[in-house]
Every structure is written in C-alpha cells, then in structure tokens.
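An overview of the molecular structure
The residues making up each chain are set out below.
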Amino acid sequence: MFELKKKDISKQDLWQKANIVLPQFDIEKIENVTYQNPVWVHFGAGNIFRGYIAAIAQDLIERGELDRGIIAAELYDYEIIDRIYKPYDNLCLVVTSDAKGNLEKKVVASITEGLKCDKSFEADWQRLCRIFENSSLKLVTFTITEKGYNLFDLKGDYLPAVKEDIKNGPQSPKSSMGKVAALAYVRYKSGRKPVAYVSLDNCSKNGEKLQSSIVQIAKEWAKKGLVEEDFVEYLNDDSLVSFPWSMIDKIVPRPSERIKELLEKDGLENMDIICTSKNTYIAPFVNTEKAQYLVIEDSFPNGRPPLERAGVFMTDRKTVEDSERMKVQTCLNPLHTALAIFGCLLGYKTIYEEVKDEHLKRLIEKIGYDEGLKVVVDPKIINPREYIREVIEERLPNPYIPDTPQRIATDTSQKMPIRFGETIKAYTENSDLNVKSLKYIPLVIAGWLRYLMCIDDEGRVFEPSPDPLIDELKKHLEGIELGKKYEDLEERLRPILTNEVIFRVDLFKVDLAQRVVEYFKEMIQGTGAVRRTLQKYVN
Ligand SMILES: NC(=O)c1ccc[n+]([C@@H]2O[C@H](COP(=O)([O-])OP(=O)(O)OC[C@H]3O[C@@H](n4cnc5c(N)ncnc54)[C@H](O)[C@@H]3O)[C@@H](O)[C@H]2O)c1
Ligand SMILES: O=P(O)(O)OC[C@@H](O)[C@@H](O)[C@H](O)[C@H](O)CO
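Residues numbered from 1 in each chain as written. Chains lettered and ligands numbered in written order. Predicted model: local features only at pLDDT ≥ 70, side-chain atom pairs only at ≥ 80, totals over all residues. Heavy atoms only, no water.

**Thoughts on the overall build of the chain**
Going by this rule: Every helix listed is a DSSP run of H or I at least four residues long, and every strand listed is a run of E at least two residues long, numbered separately from the N terminus. Here the globule rule reads 2.2 Å times residues to the power 0.38, and the radius of gyration is calculated from C-alpha atoms. Burial classes: relative accessible area under 20% of the type maximum marks a residue as buried, over 50% as exposed, and values in between as partly exposed (1.4 Å probe, protein chains only). By definition in these notes, contact holds between two residues if any of their heavy atoms fall within 4.5 Å.
The number of helices and strands found in the chain is 24 helices and 15 strands. Scaling as 2.2 N^0.38, a compact globule of 539 residues should have a C-alpha radius of gyration of about 24 Å, and the chain matches this with 23 Å. Its C-alpha atoms give the chain principal-axis dimensions of about 65 × 60 × 45 Å. Counting all 539 residues of the chain, 60% fall into the buried class. In the chain, 76% of the contacts between residues at least 6 apart in sequence involve partners at least 24 apart.

**Things to note about the UniProt feature "domain: Mannitol dehydrogenase N-terminal" (unreviewed entry) in the chain**
For the record, the criterion: UniProt positions are given in the numbering used here, feature names are shortened, and annotations may be inferred rather than shown by experiment.
The UniProt entry lists residues 41-308 under the feature "domain: Mannitol dehydrogenase N-terminal" (unreviewed entry), expressed in the numbering used here. Helix makes up 35% of residues 41-308 and strand 21%, with an end-to-end C-alpha separation of 19 Å.

**Re the site of ligand 1**
How we decide: One heavy atom suffices: a residue is near a molecule or strand as soon as one of its heavy atoms comes within 4 Å of it. N or O atoms closer than or at 3.5 Å make up a polar contact, with two conditions inside protein: a donor-capable atom paired with an acceptor-capable one, and, for residues adjacent in sequence, both atoms drawn from side chains. Per-residue accessibility takes into account occlusion by the displayed protein chains alone, with areas from the Shrake-Rupley method and a 1.4 Å probe. Residue classes follow a fixed rule: Ala, Val, Leu, Ile, Met, Phe, Trp, Tyr, Cys and Pro count as nonpolar, while Asp, Glu, Lys and Arg count as charged, and any other residue, Gly among them, counts as polar.
Near ligand 1 lie 25 residues; those nearest to it are Asn-47, Glu-74, Ser-176, Asp-201 and Val-252. Separating an oxygen atom of ligand 1 from a backbone N or O atom of Gly-46 is a distance of 3.4 Å. At 2.8 Å, a side-chain N or O of Asn-47 approaches an oxygen atom of ligand 1. Computed on the free molecule, ligand 1 has an accessible area of 820 Å², of which 88% lies beneath the protein chains in the complex. Split into classes, the residues belonging to the shell around ligand 1 amount to nine nonpolar, nine polar and seven charged.

**Describing the UniProt feature "domain: Mannitol dehydrogenase C-terminal" (unreviewed entry) in the chain**
Here, UniProt's "domain: Mannitol dehydrogenase C-terminal" (unreviewed entry) annotation points to residues 323-521. Across residues 323-521, helical content stands at 58% and strand content at 0%; the span's end C-alpha atoms are separated by 36 Å.

**Some details on helix 18 (residues 412-429)**
Here is the rule: Multiplying 1.5 Å by the helix residue count minus one yields the expected span of that helix. Consider a residue and the seven residues that end there alongside the seven that start there; fitting an axis to each set, the bend is the angle between those axes.
End to end, helix 18 covers 24 Å across 18 residues, agreeing with the expected 26 Å (1.5 Å per residue, within 8%). Residue Gly-421 marks the point of greatest curvature in helix 18, where the axis turns by about 45°. Among the 18 residues that make up helix 18, 15 are buried, leaving the element largely enclosed by the rest of the structure.

**Digging into empty space enclosed by the protein**
We apply this condition: Only protein atoms enter the 1 Å grid used here. Points where a 1.4 Å probe fits but cannot escape make up a cavity, open sets with protein on both sides within 12 Å along at least five of seven lines make up a pocket, and a residue lines them when an atom lies within 4 Å of a point. Grid points are joined across faces, edges and corners, and a volume is the space filled by probe spheres set on the points.
Across all of its chains, the model carries two cavities of 30 Å³ or more by this definition. For the largest cavity, the calculated volume is near 50 Å³. Considering the residues around the largest cavity, the lining is formed by Trp-40, Ile-53, Ile-56, Leu-139, Thr-141, Leu-200, Leu-294, Ile-296 and Leu-307. Broken down by secondary-structure element, the contributors of at least two residues to the lining of the largest cavity are helix 4 (47-62), strand 7 (139-142) and strand 14 (293-297). Residues of the lining of the largest cavity, tallied by class, amount to eight nonpolar, one polar and no charged. Quantified by volume, the second largest cavity comes out at close to 40 Å³. Lining the second largest cavity are Gln-329, Thr-330, Pro-334, Ile-367, Gly-372, Arg-419, Phe-420, Thr-423 and Ile-441.

**Comments concerning the site of ligand 2**
We apply this condition: Domain delimitation follows an automatic or database domain assignment.
Contacts to ligand 2 come from 14 residues, most closely from Asp-249, Lys-327, Asn-333, His-336 and Arg-419. Residue Glu-146 places a side-chain N or O atom 3.2 Å away from an oxygen atom belonging to ligand 2. Residue Arg-419 places a side-chain N or O atom 2.9 Å away from an oxygen atom belonging to ligand 2. Coverage of ligand 2 by the protein amounts to 86% of the 400 Å² it exposes when considered alone. Elements with a contribution of two residues or more to the shell around ligand 2: strand 10 (246-249), helix 13 (333-345), helix 17 (405-408) and helix 18. Looking at the shell around ligand 2, its residues break down into four nonpolar, three polar and seven charged. Residue-level mapping places the shell around ligand 2 at the junction of two domains, with at least three residues from each of domain 1 (6-315) and domain 2 (317-538).

**Considerations on the sheet that holds strand 15 (residues 313-315)**
Definition in use: Here, any two strands with at least 2 DSSP bridges between them count as paired. Axes here refer to lines fitted to C-alpha atoms; in helices the fit is confined to the stretch in contact. Angles between the N-to-C directions go from 0 to 180 degrees.
Read across the sheet, three strands follow the order 10-14-15 without closing on themselves; strand pairing throughout is mixed. Of all the strands in the sheet, just strand 10 and strand 15 have a single pairing partner and so form its edges. The average undirected angle you get between the axes of adjacent strands in this sheet is 15°. Summarising the sheet, strand 14 and strand 15 pair through three bridges and their orientation is parallel. Paired with Glu-297 across the two strands is Thr-315, which belongs to strand 15. Of the strands in this sheet, strand 10, strand 14 and strand 15 touch helix 12 (residues 317-331), which is tilted by about 40° from strand 10.

**As for the pattern of salt bridges**
Going by this rule: We define a salt bridge as a contact between a side-chain nitrogen of Lys or Arg and a carboxyl oxygen of Asp or Glu at a distance within 4 Å.
Taken as a whole and judged by the stated rule, the model has 50 salt bridges. The partner of Glu-31 in a salt bridge is Lys-6, and the shortest N-O contact between them spans 2.9 Å. Of this pair, Glu-31 sits in helix 3 (residues 27-36) while Lys-6 sits in helix 1 (residues 6-9), placing them 25 residues apart in sequence. When its relative accessible area of 26% is taken as the criterion, Lys-6 is described as partly exposed. Linking Arg-192 and Asp-230 is a salt bridge whose minimum nitrogen-to-oxygen distance equals 3.0 Å. In this pair, Arg-192 is assigned in the loop between helix 8 (176-189) and strand 8 (195-199) and Asp-230 in helix 10 (residues 229-236), connecting sequence segments 38 residues apart. You can call Asp-230 partly exposed: its relative accessible area is 26%. Salt bridges sharing partners connect three or more residues here, namely Glu-3, Lys-7, Asp-8 and Lys-11.

**Structural notes on the state of the cysteines**
To be explicit about the condition: Our working definition of a disulfide is a cysteine sulfur pair at a distance within 2.5 Å.
Applying the stated criterion to the full structure yields zero disulfides. Cysteine Cys-117 remains unbridged, with the sulfur of Cys-129 as its closest cysteine sulfur at 8.5 Å. Left without a disulfide partner, Cys-275 is nearest to the cysteine sulfur of Cys-344, which lies 16 Å away. By relative accessible area, which is 36% here, Cys-275 ends up partly exposed.

Structure below.
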C-alpha cells in the first residue's frame, strides 16, 4: 500500500507497478525556488485547475521550459485546502481516459503551495501579500466559476459582502473580487509592478469581466479616499496590468467512484472523494478526458512562461473571442446545458447515456449545427463544424468520462446569458437572421422553467443543483402542478422571461417569450409530457 504523499514518491516500483507516471523533476527544488521568487498564482483550487492548468505547468517544468510551480490560492472554499491539498502535500493524481477506456495516470507536483485567501487565515494572507509584492510574479490565473466575478445581485445592487468591502477599503476584504482588488493594491503599493490577471472561466469576454469587477471596487475605494486615484490608473494601464481574455476547454467532471476504486485496486490508500460544506466535489485525484483547448490573448506586461510549448494557443483578442463564442456560446456549453436540464428532467445520471437518446442527440445537433453555427465566426485556429462533430460524436459519448447532468446544471441561472442569451442577442442584431426562427433554444429555456418546478417527467420530486438564484426563481413556479391548465402562465413567467441579466434580452421584447410559454405549457400537461414535447419538436 502507498499514499499520494511526497514521502512515498521514492517508492518508484509501487507507482510503476500501478502504471502511474511520476513527476520527472526534483519536487523540493521547484518548491524552494517558487517560494523565493514566485511567478504564477492561481485562484480557484478546484478540479479544472488541478486537472488542466497544473498539468500544463508540470509539462513545462518537465520540458525544462519553466523552473517554478504554481501557488494555488482559494478565495471561497477553504476546506479544499485543508482536506485535499494539505493531507496530500499539494500533489494531485490526474487520470485521463480516452473513449476506448485506456487510462493515463500521472502524479502532478507542480502546485507548490495551497493558501487560504482570507484575512482570517493571517499567515496565508501575509504570504499572499509578500507574493504580490514580489517583482518575479508574472501571471495570476483564475477558475472561480462565473459567479465568482459578480459584484451585483439581480436587482443591480451590490452583493452584501461587496458592499462591506467598498465601505471598509482594502484592509479587510471579504468578497472574492474585494480580496483580489486588495492584493492588486498591495502590488501597486510595492512600486506599480506589472502583472497579468487571466480569467480562465467559461464567461464571454472573461478578461473584461474580471477587469471591470476589480476596477469597479478600486474606483469605489478611490472615491472614498481609501486608495489613491492613481491605483485606478495603474489598473487601467495595460502596459502594467493586463486582463487577457481566454477560452478554456476540457471536460473535467466531478471525481468518479469508479476511478477511486481502480486506484484503490492499484494499492493507493486514502483516495476518498469529498463534498465540502460549500458543495465542491473533489478528491486527491482528478478524472478527465484527453481533448483540451486553451486559447489566451498574448498580453503579459511582466512576461510569461512559454505556454505555447505545452500546446496553449497564444494569440490576439479577436481570435480568443471567436474561439470563446464558438465554444461557450454555441458549440459546446449550450449543448451541455441542454443535456443538463433535460437529463435532470428525464432521470439521467450520466451525460454519455444521454447522448444515446435519439431525441436528446437530435436536440443538441439542432442547437449546435442549425442555430449556433449561424452566428459563429470561424476562429481559424479550430474549425467550428469539426469541433461540434468532435463534441457530439467523440467527447460527450465517452463512457469513461463519468460526467453528470447534475454537475452541469449547477449555476444554470449564471450560465443562461452566455450559453443562450448571446446567441439570441446576435440573432436580433443581425439583419440577415430572424430571431423568431429560433426553436430549440426556446425549447431549452422552457425546459429550464420546467426544471425549476423540481419535479421530473415522471412526477418525482428532485433536488436541483446549487444555483445562487434557485430560491428566487423557484418562487415563480410555485403552485404550478402537472396536468392542470393555467390561463395566466405568461404573467407568472414574465418576471423570469423579461430578465435581461438572465437572457441578455427581454424575451418578450424580442418575441420569443410566447414560444417559450407555449412549450412550457406542453411540458406540464402531465407525466411524460417533457418527453412528448421534446419528441414533437426535434422530429
Ligand atoms: N470542469 C470543467 O469541465 C471546466 C471546463 C472549462 C472551464 N471550466 C471553468 O472552471 C470553473 C471551475 O470548474 P471546476 O471544475 O474547477 O469546478 P470545482 O467545483 O472543482 O471548483 C470550483 C472552484 O471555484 C471556487 N468558487 C466557487 N464559487 C466561488 C466564488 N463565489 N468566489 C470565488 N471562488 C469560487 C471554488 O472554491 C473552487 O475553487 C467552471 O465554472 C468554468 O468556468 C471548468
Ligand atoms: O464548468 P461550468 O460549471 O461553467 O460548466 C459545466 C460544463 O459545461 C463545463 O464545465 C464543461 O465541462 C467545460 O466547459 C468543457 O470545456
């Protein structure tokens, strides 16, 4: 028996027998050099970071292209550090599966520290301040989910923690963006030092989103005299501080029991999967697919590691934007969300099973090839039609990637604007297109309203995935029962369908709301009505 710990890395024969590849570098040496002169900090210590970003750093270290690791900092869910980083010496076992079931298992040791980013953890906070003061710091990356960047609630008011941060200044931040702004201020105070803040989340114009949140907080502080006006100027000076845009793509599902069992059979101890009190599903290992795409705007005022040597496309903003529109807005994520919603309603527990369902497969083909491709701009570095084909025919059906509709259904309210709203808006803005020709995106929106009833197509109650707006949204569906007729559905659903934060447009104003309501009406006609509606419209 052996453990995923530094002390056991020397037991090479055991790892070899288990077919697990070990890091090809001196872990302690990299840790020491990184401690002295850090180059790369990452916020959001979750699964994609460990399974993709940290693996890129490891690849570069092994190729001799990088001599330092990444410092992981957690803004929100500190249990990740206490239960998954510390006990395993920051090591991670990355398990990659292809569609034939071949597994590649690799220990990733490029994460040199795991820090809790909050002032209540004084030592970690001080360490982060020292890191941000260091001239060597070149890039700060983020995978903190779409909602991590939010400053405002649905009514447009500051979220409570943000309000507090604005009042108190950079000394004791509590919100995620407040903490990042405070650390940016530390760097500013240490001599206006250059750095790049790179969002790697699935949001459109993710760099702009990160920049606007940090700058907004800085402006509020400056208005109150809590920081210098020059701090805002520093943040807006792209020769000093940049917020490159990016597109990231690799399906990294929640850790799977099957992989855990396989690893235990290999003799590895303590491979338990945990769900933290903040609902992060995480384990000492990460399971993922082989396919991966990362496209980053090449704007790094203090330099950067040669990421292109690890397969990252380093390019201009337009190419990033086109790649992102292709992936997040049209060719992958909308298909994923459609499967998430209907999967929960139709009782599916895995994505690959859903893709075998002829109606669901047809639905995602229609959303991708018919409705999405019309607004896609070819990013040139990846072919959109071929990309959708790979997604539908190879990636989603991979039975060894145990992804679930329930994971993807997390935070759907936050994803709607990007995954569907942008396409609807693009149809309204393009004189060659008619927004009323959209049929399948409205079907998904109607499916989402049906999902918000938290009753599946067989009439069973289900627990919806976490979503910051779930309680508020559910209220509008309260009292609606399967099999009953309602004359006032349009009025009941109006508060959701007019919400431009959720759909980028008012669905009534663009004449799509009536279609959504019609579909919804059909979906509540009784048990089995979701399936019947789906079948009727995709055929
Ligand atoms: N997993 C994937 O397949 C995948 C693929 C492409 C992009 N992404 C992007 O990465 C994000 C994270 O995915 P993951 O697989 O690491 O998820 P995860 O659940 O494993 O981790 C989520 C991370 O975000 C942090 N977080 C959550 N809410 C936050 C908040 N309000 N403020 C700050 N941090 C917060 C968590 O603490 C955790 O570190 C996704 O939302 C998406 O934008 C994921
Ligand atoms: O990660 P999220 O929560 O933004 O979205 C869930 C999935 O659609 C997403 O993680 C995909 O797996 C990913 O975008 C593929 O690159």
